[in-house]
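Okay, here's what each chain looks like letter by letter:
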Amino acid sequence: MTISSATYEQRRENVRRRLKDRGYPALLINSAANRYYLSGFELHDPQCNESAGWLIITPEGRDFLLTDPRYLDAARRVWSEEDIFIYSGRKFDALSGFFKSNGIRHLAYDPKSINIFEHEQLSELCELRQISGLVEDLRLIKDETEIRLMEESCALNHKVYELLEPKLQEGVTEYEISWEVEQLFRNNGASELSFSTIVGVGPNAALPHAIPGNNKLREGDLVLIDMGGRLGDYCSDQTRTFWVGDKPSDRFLTVRDQVQEAQMAAIKTLRPGLPIQHAYHTARAVFEKYGVAEYFTHSLGHGIGLETHEMPSVSPIAKGELKPGMVITVEPGLYYPDWGGIRWEYMVLITEDGYKIM
């Protein structure tokens, strides 16, 4: 299952309509995920300090893909060649001529996705105007194809946990677990990991984003594993916390029960129209009931899709309401530096009348 070219065209039309409605000029797209969402061209940039290319979406209806010679053949596969512009080492010198020949005198941009150097260079070529989150607002709501792709990606995540759990034996290191996770994802169809796998044994599990090291599993340890893979271009992200051995400690069972109670309390409130921050406060209220809220140290979750962390943030200060088609994570955790931590995470789809755990 793939996204059709007609879908990409419709997405660009949705952007164009918003530009017209708000009286904005042509829009620069230089975020990799937004570029891919609107074109199917290059989901990733080659390096954190390099770009695979930009899109320019115009209110008038002609859109451009700007890239360098390395990507010309890839660009031809998704874009009309007459609307592809190739630049090389002197990028902004080339763009000067391109802007003049295509009458681009004003350009809207998202300040979160442009660096100071690019802003300075572009401001010499045209008048710039800020606009934030226009494409991200569209990405908030997944269409039917995206939801199916995300269900498949999440199902693979479940499968990897099932295959992984028997391998969590005494003597295995955090690093070896993370390598096993990557192999299981790739061997079962994922193109890559969604993010670097988090593995924390014992007290390391109190680090919400623990980096796997050489710590070995021992009988009577807990191990927190937060992992995700990319399947069909869409990310999964789930966390589980396991006990090594046959007899989990009373403390492990108590903390796990508190975390899962908080998670389900929040999930059961999810529905269209719910203020997003309400989900966070519902989970926190459970921890407050048990007197452990100070050990819940992060937001409840986040949106997920082409990127692992997307809008909306499910935080105590989140703005807005839930809408059908949103996919969020719900991942409360409790973290004790002298002992460890437990986090439990599901991906949840907001439906027309409630929610669905994916």
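Here, every reference points to the structure presented above.
Residues numbered from 1 in each chain as written. Predicted model: local features only at pLDDT ≥ 70, side-chain atom pairs only at ≥ 80, totals over all residues. Heavy atoms only, no water.

K.L.:
Mind showing me how you'd approach the environment of aspartate 233 here?
P.N.:
Among the structural elements, aspartate 233 can be located in the loop between β10 (229-231) and β11 (234-235). Here the alpha-carbon distance between aspartate 233 and glutamate 146, two residues 87 residues apart in the chain, equals 9.5 Å. (Helix = DSSP H or I, 4+ residues; strand = E, 2+ residues; numbered from the N terminus.)

K.L.:
Honestly, unusual backbone geometry in this entry has me stumped. Any pointers?
P.N.:
When glycine is set aside, most residues are seen to have a negative phi, and most peptide bonds are trans. Residue proline 312 is reached from methionine 311 by a cis peptide bond, and omega for that bond is 5°. Relative to the assigned elements, proline 312 resides in strand β14 (residues 310-314). Its identity is not glycine, yet glutamate 42 carries a phi of approximately 50°, on the positive side. Tracing the backbone shows glutamate 42 in the loop between α2 (32-39) and β2 (54-57).

K.L.:
Explain the packing of helix α1 (residues 5-22) against α2 here, please?
P.N.:
Each packed pair of helices is defined by two parameters, the angle between the axes and the distance between the axes. Packing of α1 against α2 brings their axes to within 6 Å, and their N-to-C directions diverge by 115°. Residue-level contacts link Tyr8, Arg11, Arg12 and Val15 of α1 to Tyr36, Tyr37, Leu38 and Ser39 of α2. Looking at the contact of α1 with α2, its residues break down into five nonpolar, one polar and two charged. (Axes fitted to C-alpha atoms, helices over the stretch in contact; angles between N-to-C directions. Contact = heavy atoms within 4.5 Å. Nonpolar A, V, L, I, M, F, W, Y, C, P; charged D, E, K, R; others polar.)

K.L.:
Just checking my understanding: could you explain the side chain of lysine 142 for this structure?
P.N.:
Inspection of the secondary structure puts lysine 142 in the loop between α6 (134-139) and α7 (144-164). For lysine 142, a relative accessible area of 5% puts it in the buried group. One polar contact links the side chain of lysine 142 to the main-chain carbonyl oxygen of arginine 139, over a distance of 3.0 Å. The residues contacting lysine 142, other than those within four sequence positions of it, are Ile147, Met150, Ile304, Gly305, Glu310 and Gly325. (Buried < 20%, exposed > 50% of the residue type's maximum accessible area, 1.4 Å probe, protein only. Polar contact = N/O pair within 3.5 Å; in protein donor to acceptor, adjacent residues only side chain to side chain.)

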